[in-house]
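What the coordinates show
Chain by chain, the residues:
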Amino acid sequence: MTPIPLYGQAITDAIASGDLDQLRKLQALAESHLEEHGDVGALLTQLKVEIAKLKR
Amino acid sequence: MTDAISLDADARAPVTPPAGKPVRYRLERDYTELVPVHVVWEVTLACNLKCQHCGSRAGRPRSDELTTVEALELIDHLAALGTRELTLIGGEAYLRRDWIELIRRSRQHGIRTGVQTGARNLTDKRLDEAVEAGLQGLGVSIDGLPDLHDRVRGVPGSYDQAIDALKRAKARGLAVSVNTQIGAETAAHLPELMDRIIAAGATHWQIQLTVAMGNAVDNPQLLLQPYQLLEVMPLLARLYDEGQARGLLMVVGNNIGYFGPYEHIWRGFGDEADHWNGCSAGQTGIGIEADGTIKGCPSLATSLYTAGNVRDMTVADIWRHSEKMSFGRLRDVDELWGYCRTCYYADVCRAGCTWTSESLLGKRGNNPYCHHRALDLARHGLRERVVKIKDAPPQSFAVGEFALITEAIPGAEVTPLPDRDPAAVHVAPRQRSAAGGALPPSLKPCAACAHYIWPHETTCPHCQADVAQAEARRQADTERRRALIAEATRVLGKLGVGV
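In this report, we go over the structure that sits alongside the text.

Scoring rules and cut-offs
- Residues numbered from 1 in each chain as written.
- Chains lettered and ligands numbered in written order.
- Predicted model: local features only at pLDDT ≥ 70, side-chain atom pairs only at ≥ 80, totals over all residues.
- Heavy atoms only, no water.
- Phe/Tyr/Trp six-rings, centres within 6.5 Å; stacked < 30°, edge-to-face > 60°.
- Helix = DSSP H or I, 4+ residues; strand = E, 2+ residues; numbered from the N terminus.
- Buried < 20%, exposed > 50% of the residue type's maximum accessible area, 1.4 Å probe, protein only.
- Core = buried A, V, L, I, M, F, W, Y, C linked by side-chain atoms within 4.5 Å.
- Contact = heavy atoms within 4.5 Å.
- Buried area = accessible area lost by both parts, 1.4 Å probe.
- Salt bridge = Lys/Arg side-chain N within 4 Å of Asp/Glu carboxyl O.
- Polar contact = N/O pair within 3.5 Å; in protein donor to acceptor, adjacent residues only side chain to side chain.
- Nonpolar A, V, L, I, M, F, W, Y, C, P; charged D, E, K, R; others polar.

1. Comments concerning the packing of aromatic side chains
All names here are of chain B.
- Under the counting rule described, the total for this entry stands at eight aromatic pairs over all chains.
- Arranged with centres 6.2 Å apart and planes meeting at 75°, the rings of tyrosine 240 and tryptophan 266 form a pair that is edge-to-face. Residue tyrosine 240 is located in helix α9 (residues 229-245), and its partner tryptophan 266 is located in helix α10 (residues 263-266); the two are separated by 26 residues in the primary sequence.
- A residue is classified by how much of its surface remains accessible, and tyrosine 240, at 5% relative accessible area, is buried.
- Pairing phenylalanine 259 with tyrosine 345 gives two aromatic rings, centres 4.3 Å apart and planes at 10°, and the pair type is stacked.

2. A closer look at the environment of Val43(B)
- Looking at the secondary structure, you find Val43(B) in the loop between β1 (38-42) and α2 (68-81).
- Separated by 22 residues in the primary sequence, Val43(B) and Glu65(B) have C-alpha atoms spaced 7.9 Å apart.

3. A look at the nonpolar core
All names here are of chain B.
- Core analysis: the biggest nonpolar cluster contains 93 residues, and Trp41, Ile142, Trp205 and Leu236 have the highest contact counts within it.
- For this core, the leading source of residues is α9, giving eight residues.
- Not counting the four nearest positions on each side in its chain, isoleucine 142 is found in contact with His149, Tyr159, Ala162, Ile163, Leu166, Val178, Asn179, Thr180, Leu193 and Ile197.
- One finds Met213, Cys279, Tyr339 and Tyr345 within the second-largest nonpolar core, a separate group that totals 30 residues.

4. A word on the interface of chain B and chain A
- Opposite the 65 residues of chain B that make contact, chain A presents 28 residues.
- Of the roughly 4100 Å² buried between chain B and chain A, counting both surfaces, carbon and sulfur atoms make up 59%.
- When the buried area of chain B at its contact with chain A is split by residue, Arg24(B), Gln244(B) and Ile485(B) rank highest and sum to 14% of it.
- Counting across the interface, chain B meets chain A through four salt bridges.
- Its salt-bridge partner being Asp19(A), residue Arg481(B) comes within 3.0 Å of it at the nearest N-O pair.
- Between chain B and chain A we count twelve residue pairs in polar contact (both at pLDDT 80 or more) in total.
- No other element matches helix α17 (residues 467-494) of chain B, which puts eight residues into the side of chain B that touches chain A.
- In terms of residue class, the side of chain B that touches chain A is made up of 27 nonpolar, 27 polar and eleven charged.

5. Considerations on the environment of Ile207(B)
Residues and elements named next belong to chain B.
- With respect to the secondary-structure elements, isoleucine 207 resides in strand β6 (residues 204-209).
- Judged by relative accessible area, which is 0%, isoleucine 207 ranks as buried.
- Between the C-alpha atom of isoleucine 207 and that of glutamate 413, which follows or precedes it by 206 residues, the distance is 33 Å.
- Ignoring sequence-local partners within four residues, the contact set of isoleucine 207 consists of Thr180, Ile182, Leu236, Met250, Val251, Val252, Gly253 and Ile256.

6. Describing helix α5 (residues 146-153) of chain B
Residue and element names in this part refer to chain B.
- Those residues of α5 that sit buried are Leu148, His149, Asp150, Val152 and Arg153.
- Contacts made by the buried residues of α5 are with β4 (137-141), α6 (158-171) and β5 (175-182).
- Just downstream of α5 lies glycine 154, where phi reads positive at about 80°.

7. Quick word on the side chain of Arg168(B)
All names here are of chain B.
- Considering the arrangement of structural elements, one finds arginine 168 in helix α6.
- Judged by its relative accessible area of 17%, arginine 168 is buried.
- Apart from the residues lying within four places of it in its own chain, the contact partners of arginine 168 are Leu122, Thr123, Asp124 and Leu127.

Next comes the structure, spelled out in structure tokens:
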């Protein structure tokens, strides 16, 4: 059951949870991975497009 | 206080909240067995700030503050009652000579221990000693950007000292938080203030409304008007979201609410099962004044809510047997009045924060500082504001009196509020334990509109959705989301990205 914050120090050991928080964390991890390694999915699409052009 | 309690002889089995929940999280047994989970203790009334809104009119120490022996014994008694978190406040807690001893004793009991401070002259030496004694958290009060903060706090330069203290506490490994009181001028400061406290290292931000008590009665222009919640609450919801994405968790205090469109985000930090369930004074919380006066909440008026003094009887006896302590365990909807008496949420809300409503109107049970209420009135072209009609006496925690005025919103078409039958208010059955405690009712959010509804509802009274159908759609959404989370976790894990 929910803690009721009296007028005192904030609940400093509370952490955000739930689907939104997890999705956000995963998004941040995915973005950091892309930043470091590049977007393989987009690269693959570009490769396919160029291959298709050459095969015309 | 006469009963000696040894440090290692606590009667209660250790209580551990569920994983991911703070120690202040209330368990069912906290209600049924009457555990004072969180204690806020004004250890001295001495203060080095001159806050225009100070409810306790702090400045000079009380003439008869507890001795060191009495204070340490009180901590032992609180530990025996099962207290899991202790917050030392003032005045300014570190102006009490033995404050380090109090921290050390609290930590020896395994109680999570923090200090809330204005941070003026919180020197490195003081911080180092507190950390060495086991202090875990430091909350700093900051009420706006420098001009506003320094004016409200009555000391030029106090903003800079507060921010500096945050940084130095963070560098020492303390959990660092900020408390901000919202008054009439504060809202415009909040976005930039959030940026600044994140930069200073704060991870938690408690928001409270300034309450009409003590010095704030002398300076009524500082008070937010109830109708201003219509602007403030959406702003807080936006900042909650932005803060969460940037590592700052907003914690709304007990006088922010209640059951408006954002209730599902305020209380559970992502767990929608948690919602406001009434004033916790005397149910799971205790407030202590520096002379040993015990109240159900640190902020309640001394003249109305003194439950006893630890110099006359043990805190355990006061906690279990004083009528002034148990009011919150026994009250029901019949003591509510005004709008709150016939509100849909009457039995679970009990008019929100007792401190706020009683200090304002002289009688608890009717609270205009409510977003649900402000929105309902606005739909009828109405709003509420408060006007001071009686000053507060000079004592600490003294209350004055304010008139509550309902008026037309300028330019709006007014339609009368419907007549609501007090007998039609839903009252949830409560089973009282042998100790005298009872679990508060549990509501659930409507899956269509997110407003909380009573469990028996089949049609949402707020959006008219079919509750079962909306819930089925939400379940499907949840399953799809969870599947994505699982898949993303698996893929990122294979890539060696830490999840």
